[in-house]
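Tertiary structure, described
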Amino acid sequence: MKGLYMLLFSALAFTTQAQNKFNLLIGTYTNTCPSKGIYVYEFDAASGEFKFKNSSEGVISPSYLSVSADNKFVYAVNENGDQSAVSAFGYNAKSGKVTFLNTNKALGADPCHLINDDKNVIVANYSGGNIVVFKKQTNGSITTVQQVIQHEGKGPNAARQEKAHVHMVMFSPDKKFVLSNDLGLDKVFIYKYNPNSKTEMLTLKGSVDVKPGSGPRHLTFSKDGKFVYLIQELDATLTTFSYDKSGSLKKIAETSILAKDFKGGTGAAAIKISPDGKFLYVTDRVDANNISVYKILKDGKIELIEQQSTLGKGPRDFAIDPTGNYLLVGHQYTNNIVIFKRDKTTGKLTDTGKRIELCSPVGLVFTKI
């Protein structure tokens, strides 16, 4: 009987240990320092320790990544001006190996964000000011672009809003809609999603205007899907919307992530919610280089908990591990990922002193092993 207990205890300990280990996939820029493209690290969410597993070879600036739901494929934008493309890779989670499948033209300059489901890969082209949709092949590769949606117009900021700049595409929780932020037009577009269509996967439902010159960049849904939090890059405005299943957004609150005494450049970047849905995190770049922590209240409104330095320059993206124990911030200009311990009760962050040194990390994604 004692032997049986020991066997069960060992099995439980192994299972718990396995559940604490994840792969961290990192997309990078390859034109500023030596980088192979996509990097895969094993991350221990119990200790904050990490180890290198694998990388791609010779992939051009795969700045943002999206992993398939079955964990077998990775899709990447290749952010390279007018030569930009989108690529598909096979992905072995156990070894961390990323195997090139194919690539096709993005039909828009500087793709900066993408999403995927079992039918399609949907991409936001920043400089191209458009959204493009690729169909998936049975082997995980992508077709050429099957739909192009071009945004037109400009905003009041002549330097940054001279034309449309699509910065994000995001599925609604029920996958019936795709929301898209356009930094150049100060709008959030809502598209009906028709995954099985051959050429009209996205059809426009409507759009919502935000503050002129604010430059909407990224958004995230609350865990219950009833609220949307939008960060605007150009003036650091953080907007809260209510959201209903018909695909409608209604503004209910607005604040600034800038400290009252802050003077200098701002460039708000990533916005994400903790796995338990209780806290909201937002990074800011240029001169701020900090992360703001908000508690999410029952009515969807937010309350500032703390704001602190990300301890690097250019906190372009960050990721919270699936257990919620750690928050990792990728710094585009200081070429590292800073690992913070996260207090699940208060939401506050503490520097662990651990760093992943890596050329120009831009996109961070956790996956199961």
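Quick summary incoming for the structure in this document. (Residues numbered from 1 in each chain as written. Predicted model: local features only at pLDDT ≥ 70, side-chain atom pairs only at ≥ 80, totals over all residues. Heavy atoms only, no water.)

Side note on the overall build of the protein
Our working definition: Strands are runs of DSSP state E lasting at least two residues, helices are runs of H or I lasting at least four, and both sets are numbered from the N terminus onward. Our radius of gyration is a C-alpha quantity, and the globule rule it is checked against amounts to 2.2 Å times the number of residues to the power 0.38. Buried, partly exposed and exposed residues are distinguished by accessible area as a fraction of the type maximum, computed with a 1.4 Å probe on protein chains only: under 20%, between the cut-offs, and over 50%, respectively. Here, two residues are considered to be in contact whenever any of their heavy atoms come within 4.5 Å of each other. The method behind every accessible area is Shrake-Rupley, applied with a 1.4 Å probe, and residues are considered shielded solely by the protein chains displayed. Only four residue types enter the tally: Lys and Arg on the positive side, Asp and Glu on the negative side; His and the chain ends are excluded. One atom stands in for each charge, and that atom is NZ of Lys, CZ of Arg, CG of Asp or CD of Glu.
Counting its secondary structure elements, the protein contains one helix and 28 strands. The C-alpha atoms of the protein give 20 Å as radius of gyration, which agrees with the globular expectation for 369 residues (21 Å, within 12%). Expressed as lengths along the three principal axes of its C-alpha atoms, the size of the protein is roughly 70 × 50 × 45 Å. Taking all 369 residues of the protein together, the buried fraction comes to 58%. Counted over contacts in the protein with a minimum sequence separation of 6, partners at least 24 positions apart contribute 47%. Total accessible area on the protein is roughly 16,000 Å²; 53% of this is exposed by carbon and sulfur atoms. Seen as two clouds, the 45 positive and the 34 negative side-chain charges of the protein have centres 5 Å apart.

Focus on the sheet that holds strand β12 (residues 166–171)
Put simply, the rule is: The rule for pairing is simple: two strands pair if DSSP sees at least two bridges between them. Here an angle of 0 to 180 degrees is reported between the N-to-C directions of two axes, which are lines fitted to C-alpha atoms, with helices fitted over the stretch in contact.
Read from one edge to the other, the open sheet built from four strands follows the order β12-β13-β14-β15, with strand pairing classed as antiparallel. The open sheet has two free edges, formed respectively by β12 and β15 (202–209), since each of these has just one partner strand. The average angle at which neighbouring strand axes cross in this sheet is 20°, direction not considered. With five bridges connecting them, β12 and strand β13 (residues 177–182) associate as antiparallel partners. Residue pairing across strands places Val169 opposite Ser180, the latter belonging to β13.

Observations regarding the pairing of strand β18 (residues 237–244)
Burial analysis of β18 places six of its eight residues in the buried class, the great majority of the element. Pairing of strand β17 (residues 227–232) with β18 involves five bridges; the strand directions are antiparallel. Of the residues in β18, the one forming a bridge with Tyr229 is Thr240. As paired strands, β18 and strand β19 (residues 248–256) are joined by eight bridges and run antiparallel to one another. By the bridge assignment, Asp244 is partnered in β19 with Ser248.

A closer look at the packing of aromatic side chains
Just so we agree on the cut-off: What counts as a ring pair is set by centres within 6.5 Å for rings of Phe, Tyr and Trp (its six-membered ring), and what kind of pair is set by the plane angle: stacked under 30 degrees, edge-to-face over 60, tilted for all other angles.
Scanning the entire structure with this criterion turns up nine aromatic pairs. Ring centres of Tyr41 and Phe50 lie 6.2 Å apart, and the angle between their planes is 70°; on these two criteria the pair is classed as edge-to-face. Residue classification places Phe50 among the partly exposed positions, given a relative accessible area of 28%. Ring plane angle 85° and centroid distance 5.1 Å describe the contact between Phe221 and Tyr243, whose orientation is recorded as edge-to-face.

Observations concerning the nonpolar core
Soluble globular proteins: nonpolar side chains tend toward being buried together. How we decide: Here the nonpolar core consists of buried residues drawn from Ala, Val, Leu, Ile, Met, Phe, Trp, Tyr and Cys, with membership extended through side-chain atoms lying within 4.5 Å.
Core analysis: the largest hydrophobic core is formed by 17 residues, its most contacted members being Ile122, Ile131, Val169, Val178, Tyr193 and Leu202. The next biggest cluster of nonpolar side chains, apart from the first, holds 16 residues, and it includes Leu24, Tyr41, Phe43 and Ile356.

Remarks on the sheet that holds strand β20 (residues 268–273)
With antiparallel pairing, the four strands of this open sheet are ordered in space as β20-β21-β22-β23. Edge strands, defined here as strands with exactly one partner in the open sheet, are β20 and β23 (302–309). Pairwise comparison of adjacent strand axes, ignoring direction, gives a mean angle of 20° for this sheet. Of the strand pairs in this sheet, β20 and strand β21 (residues 279–284) are connected by four bridges, and their pairing is antiparallel. The residue bridging Ala268 from the neighbouring strand is Asp284, located in β21.

A short note on the environment of Ala106
As for its placement among the helices and strands, Ala106 is situated in the loop between β7 (97–105) and β8 (111–116). A relative accessible area of 0% means that Ala106 is categorised as buried. In this structure, the C-alpha to C-alpha distance between Ala106 and Gly314, residues 208 residues apart in sequence, is 26 Å.

Looking at the state of the cysteines
What counts is decided by this rule: Pairs of cysteine sulfur atoms within 2.5 Å are identified as disulfides in what follows.
Counting across every chain of the model gives one disulfide. Across the disulfide from Cys33 sits Cys359; the S-S distance is 1.9 Å. Measuring the twist about the S-S bond at about 90°, one finds the Cys33-Cys359 disulfide to be right-handed. With a gap of 326 residues between them, Cys33 in the loop between β1 (21–28) and β2 (38–44) and Cys359 in the loop between β27 (349–357) and β28 (361–368) connect regions that are remote in the sequence. Accessibility assignment for this pair places Cys33 and Cys359 in one class, buried. The cysteine Cys112 is free of any disulfide, with Cys359 supplying the nearest cysteine sulfur at 19 Å. Judged by its relative accessible area of 7%, Cys112 falls in the buried class.

Topic: the pattern of salt bridges
Here is the rule we go by: What counts as a salt bridge is simple: a side-chain nitrogen of Lys or Arg found within 4 Å of a carboxyl oxygen of Asp or Glu.
Evaluation of the coordinates by the stated rule reveals eleven salt bridges. In this structure, Lys354 and Glu49 form a salt bridge, with 3.7 Å as the shortest nitrogen-oxygen distance. Here Lys354 is found in strand β27, whereas its partner Glu49 is found in the loop between β2 and β3 (50–55), with 305 residues between them in sequence. Look at Glu49 and you get partly exposed, because its relative accessible area is 43%. The residue Lys251 makes a salt bridge to Glu254 at a minimum N-O spacing of 3.7 Å. Residues participating in the shared-partner salt-bridge network are Arg160, Arg217, Glu233 and Arg285.

Observations concerning the environment of Tyr294
Relative to the elements of secondary structure, Tyr294 occurs in strand β22 (residues 290–296). Accessibility expressed as a relative area gives 4% for Tyr294, which makes it buried. The spacing of Tyr294 and Leu114 is 180 residues in sequence and 26 Å in space, taken between C-alpha atoms. Discounting chain neighbours no more than four positions away, the residues touching Tyr294 are Leu238, Ser256, Ile257, Lys278, Phe279, Leu280, Val282, Ile302, Glu303, Leu304 and Ile305.

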